[in-house]
Amino acid sequence: MATTTTCVATQQQPAAEAKAARFFQDEIVIGRSREEAAVASEKTVVAEYSAKTNGVVPETVTSEIPTTAENAVNHSDGAAVDSPVAADDAHVSVNGVKNDSPSTDSQPNGTAVADQPQVNGHSADSPVDSVDRLCVASTQQVLLLHAPKEKYTLVTDHAVPSIIHDREVLIKISAIGLNPIDWKAPAFNFGIPGLPWIFGRDLAGTVIQTSANSRLKVGDVVLVPSTDYRDIRKAAFQEYAIATDYNAARIPAKTSIHAGASLGVAFVAAALALGISFGLDFGNCEKVPGPDLLRILRGLDPKEIPEDVRDECLSSVSDSERVKPGEWVAIWGASTTTGYIALQLAKLCGLKVICVADIARHGARLLDAGADLLVDRYDTTRAVEIVRGVTQGRLRFGVDMVGRETATILQQALFASEHDGPAAHLIGLTGMPKEKDARIRYHAVPIKIFHSSPAVGESMVTWVERLLETNSLTLPEVIIRREGGLADVNDALELLRDGSVGGKRIVIDMGAQN
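Residues numbered from 1 in each chain as written. Predicted model: local features only at pLDDT ≥ 70, side-chain atom pairs only at ≥ 80, totals over all residues. Heavy atoms only, no water.

Here is the UniProt Sequence similarities (unreviewed entry) comment for the protein, exactly as written: "Belongs to the zinc-containing alcohol dehydrogenase family." (UniProt positions renumbered as here; feature names shortened; annotations may be inferred.)

See the structure below:
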């Protein structure tokens, strides 16, 4: 379906302009390589502009351009999310951005958002770099949640979100990765900042606008873990979304955009769990050294760290207790997407990893990813005995990806002594034991720090860019839903809810949206 779009020309040569604009041509289809499609669409754009302007791109061009984003050939489980919404987080500005001032329809300078003059869908004084924006529709299709326990509703005339801060970019979404939180939040009425609301935590697409000081460029193909769920502009269940450049990672040409859409939130949860809660220094990764997240955090002014995650970020583990190469870590639910990524990050940094999962179903894949010990999850008593036996009762680090019941079981496998050696640490991504052991330290992963600290966020996305470029990560297996676009999300979430796609990620292809 063709959509009338407004294309604001860049102050560049036509070939460079075409390179950026080519992502909006309906040339990239399943089965055709990104390179082939790019060449074809670049020729189309150059010819069109040259014919109309003798090689000079006009300042504003309005044309019927298919807005189908890239459909190049190519997670579901256990990805951690931020805590349920506090009462004071229910106030959202007109643009969907949380505003702590008494008047929620005003910017910090007191100017009412609704009254700001608009230029091409942006406030006249917004930080959008006019030299770097192209082909932006004024309205879009989105999925809205109108009430808890309801399904999402497709809306066809919702405003395209606007850039309002430095380092933000606008993305044309090509693929959406589905997560359990996408159905759990409406079903159990948590994590809902307001109503109606747009959800979705994993997306991949093409940068079509940038702002001042952005490290990204128009035309970059990126994956975005949308952890900042209180900012409605950043949600995945829409055709266009805002992201900060320090929360978006470039996807290399050899990595499919669908696989990219499956990675984001799981990578963030796994990296923060290991890097902050356990203190793993990713600089120990010899192949692709990564950040020391604890060192970055301890170099910040504590006031820059949100108060509700400050203790976890700064006091989660002492230097003497940080996990080190050669130590054991157990992952209960290792076949989940987050568990699978955590396994790989741990092995890259020299840890020994025990994977508890359905071994008959997922054992081969976990072995290929580097697991040192496989333990079947069905006999939990025996599982605890095996873990304690292999580690000689001195396992200090455990991560549960499943829930309160399994976190309670994993707790029994951990080293617990009041006098002999450092403390054990347990992360429960989706639930903690009801009865806790005073000798064990418990951790909730501080997901919020990824989007609230540019230093942390950028260190993580630039690392994942290098990991992808060097083929250092094996991405989750994806199930691509190619028909229906946003209209297919409700049905796809039912598959996720009934557990029939365990170990795989459902990804919605947005090509059918256009």
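Further notes follow.
Caption draft 1: Highlighting the environment of Ala438. Summarising the element assignment, Ala438 is placed in the loop between strand E17 (424–428) and strand E18 (440–443). Given a relative accessible area of 81%, Ala438 falls into the exposed group. As for Ala438 and Ala423, which are separated by 15 residues in sequence, their C-alpha atoms are 10.0 Å apart. (Helix = DSSP H or I, 4+ residues; strand = E, 2+ residues; numbered from the N terminus. Buried < 20%, exposed > 50% of the residue type's maximum accessible area, 1.4 Å probe, protein only.)

Caption draft 2: Fine view of the environment of Ile427. Tracing the backbone through its elements, the reader meets Ile427 in strand E17. Relative accessible area serves as the criterion here: at 0%, Ile427 is assigned to the buried category. Taking the C-alpha atoms as reference, Ile427 lies 8.8 Å from Phe278; in sequence the two are 149 residues apart. Every residue in contact with Ile427, bar those within four places of it in the chain, is listed here: Ala273, Ser277, Phe278, Gly398, Val399, Asp400, His443 and Val445. (Contact = heavy atoms within 4.5 Å.)

Caption draft 3: Quick look at the packing of aromatic side chains. Evaluated as defined, the whole model comprises 6 aromatic pairs. Relative to Phe188, the ring of Trp183 lies with its centre 6.1 Å away and its plane at 55°, an arrangement referred to as tilted. The aromatic ring of Tyr378 is capped on one face by Arg377, whose charged end is 4.4 Å from the ring centroid. (Phe/Tyr/Trp six-rings, centres within 6.5 Å; stacked < 30°, edge-to-face > 60°. Lys NZ or Arg CZ within 6 Å of the ring centre and 35° of its normal.)

Caption draft 4: Looking closely at the pairing of strand E15 (residues 373–376). Burial along E15 is one-sided: the residues Leu373 and Val375 are buried and none of Leu374 and Asp376 is. Taken together, the 4 bridges between strand E14 (residues 352–357) and E15 define a ladder with parallel strand orientation. Looking at E15, one finds that Ile354 is bridged to Leu373. Handedness of the E14-helix H9 (residues 359–368)-E15 crossover: right-handed. (Pairing = 2+ DSSP bridges. Right-handed = clockwise from strand over helix to strand, strands pointing away.)

Caption draft 5: Structural view of helix H5 (residues 264–277). Along its 14 residues, H5 runs 19 Å from first to last C-alpha, staying within 8% of the 20 Å computed at 1.5 Å per residue. Gly279 lies just past H5 and shows a positive phi near 75°. (Expected span 1.5 Å × (residues − 1).)

Caption draft 6: A look at the pattern of salt bridges. In total, this model carries 21 salt bridges according to the counting rule given. Between Arg505 and Asp202 there is a salt bridge, and its shortest N-O distance comes to 3.7 Å. Here the residue Arg505 occupies a position in strand E20 (residues 504–509), and Asp202 occupies one in strand E9 (residues 202–211), the gap between them amounting to 303 residues. Like Arg505, the residue Asp202 is buried in the burial classification. Salt-bridge contacts for Asp319 lead to Arg298; the nearest nitrogen and oxygen are separated by 2.7 Å. With Asp319 in the loop between helix H7 (307–315) and strand E13 (328–332) and Arg298 in helix H6 (residues 293–298), this pair connects stretches of sequence that are 21 residues apart. (Salt bridge = Lys/Arg side-chain N within 4 Å of Asp/Glu carboxyl O.)

Caption draft 7: Quick look at the confidence of the model for the protein. This prediction gives the protein a mean pLDDT of 80; 73% of its residues lie at or above 70. Note on residues 1–126: pLDDT is under 50 here. Beyond four places in sequence and across chains, it has 275 contacts. (pLDDT = per-residue confidence, 0-100.)

Caption draft 8: Spotlight on the packing of H5 against helix H13 (residues 454–469). The contact between H5 and H13 brings their axes to 11 Å, and the two run at 115°. Comparing the axis directions of H5 and H13 gives the class roughly perpendicular. The handedness of the crossing between H5 and H13 is right-handed. Of H13, the residues touching H5 (which contributes Phe267, Val268, Ala271 and Leu272) are Val456, Met460, Trp463, Val464 and Leu467. Split by residue class, the contact of H5 with H13 holds 9 nonpolar, no polar and no charged. (Axes fitted to C-alpha atoms, helices over the stretch in contact; angles between N-to-C directions. Parallel < 35°, antiparallel > 145°, perpendicular 65-115°, else oblique. Left-handed = near helix turned anticlockwise from the far one by under 90°. Nonpolar A, V, L, I, M, F, W, Y, C, P; charged D, E, K, R; others polar.)

Caption draft 9: Quick peek at the packing of helix H10 (residues 380–390) against helix H11 (residues 404–413). In the contact formed by H10 and H11, the axes pass within 8 Å of each other and the chain directions differ by 35°. Between H10 and H11 lies a crossing of right-handed hand. Each of Thr380, Val384, Val387 and Arg388 in H10 lies in contact with H11, whose residues at this interface are Ile409, Gln412 and Ala413.

Caption draft 10: Geometry of unusual backbone geometry. A cis geometry characterises the amide bond from Leu195 onward to Pro196, with omega recorded as -5°. In this structure, Lys149 takes a positive phi of about 70° despite not being glycine. Residue Lys149 is classed as exposed on the basis of its relative accessible area, which comes to 66%. Residues other than glycine seldom take positive phi values, yet Arg167 does so here, at roughly 70°. Examined against the element boundaries, Arg167 turns out to sit in the loop between strand E7 (153–159) and strand E8 (168–177).

Caption draft 11: How the structure looks around the sheet that holds E15. With parallel pairing, the 6 strands of this open sheet are ordered in space as E15-E14-E13-E16-E17-E18. Each having just a single partner strand, E15 and E18 make up the two edges of the open sheet. Across the sheet, the axes of successive neighbouring strands diverge by a mean angle of 20°, strand direction being ignored. Where strand E16 (residues 397–400) and E17 come together, 4 bridges link them in parallel fashion. Paired with Val399 across the two strands is Ile427, which belongs to E17. Of the strands in this sheet, E14 and E15 touch H9, which is tilted by about 170° from E15. In this fold H10 packs onto E13, E14 and E15, with an angle of close to 160° to the strand it touches most, E15.

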